[in-house]
Amino acid sequence: LDSAKQAVNTDDWKTYRNERYGFEFNYPKGWKVLDTPDAFGMVVKITNPSAPKVGEITVGYRDNPDRLTGRQWFDAKVFRTERQIIGEIVVDGVYALETEDSGINTLTTVYAGKKDSLVTISTVSYPKELADIENFKYILSTFRFIPAPN
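It should be emphasised that the depicted structure is a prediction, and the values quoted were computed from it without experimental measurement.

Participant: Could you give me a rundown of the packing of aromatic side chains, with the residues and numbers involved?
Facilitator: Enumeration according to the criterion identifies eight aromatic pairs in this entry. Judged by centre distance (5.2 Å) and plane angle (85°), the ring pair of Phe-143 and Phe-145 falls under edge-to-face. Here the two residues Phe-143 and Phe-145 agree in accessibility, since each one is buried. Through a chain of ring-to-ring contacts, three or more aromatic side chains come together here, namely Tyr-16, Phe-23, Phe-25, Tyr-27, Phe-143 and Phe-145.

Participant: Explain helix α2 (residues 70–77) to me, using residue names and the numbers behind them.
Facilitator: Restricting attention to buried positions, one finds in α2 the residues Gly-70, Trp-73 and Phe-74. Buried residues in α2, looked at end-on, bunch into an arc of 100°, giving them a common side.

Participant: Help me get a handle on the pairing of strand β4 (residues 41–47), residues and values and all.
Facilitator: Sheet analysis places strand β3 (residues 32–38) next to β4, joined by seven bridges and oriented antiparallel. Across the sheet, Lys-32 pairs through a bridge with Thr-47, a residue of β4. Turn length for the β3-β4 hairpin, with the two strands adjacent in sequence and antiparallel, is two residues. The pairing of β4 with strand β5 (residues 56–63) spans seven bridges and is antiparallel. Counted as the bridge partner of Lys-45 is Thr-58 from β5.

Cut-off values and rules
- Residues numbered from 1 in each chain as written.
- Predicted model: local features only at pLDDT ≥ 70, side-chain atom pairs only at ≥ 80, totals over all residues.
- Heavy atoms only, no water.
- Phe/Tyr/Trp six-rings, centres within 6.5 Å; stacked < 30°, edge-to-face > 60°.
- Buried < 20%, exposed > 50% of the residue type's maximum accessible area, 1.4 Å probe, protein only.
- Helix = DSSP H or I, 4+ residues; strand = E, 2+ residues; numbered from the N terminus.
- Arc of directions from axis to C-beta.
- Pairing = 2+ DSSP bridges.

In structure tokens form, the structure reads like this:
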């Protein structure tokens, strides 16, 4: 991920912080950030308004009462017909599973389980060849778990 930091100018990036769910990450200045509840928890969508066809980067939060690792979550809960495992990476000191979608949209998803939560970080684009991989890698490299209030 260090090469991503060198490839993207991050001098004016902002920090998104969610104390309720216990995470933060940096994102490009001028991009739109939208918190949206969903059926499973919460999703943060990060989009570049000057290139809407590039797609979006999403950070999803899920309750994880069984305290599954990213790999265990993927094995137990993800519909896998189009997703394949790329490998394991470390996200803020937590081992995470990196997967790739062989379909036309989601390119890469990272699953990181920590205590009673699970975070997914994904690139989504239509078609996937337009995904903003450099910014995705940098956002992923700045992701941090922070203490959530009790």
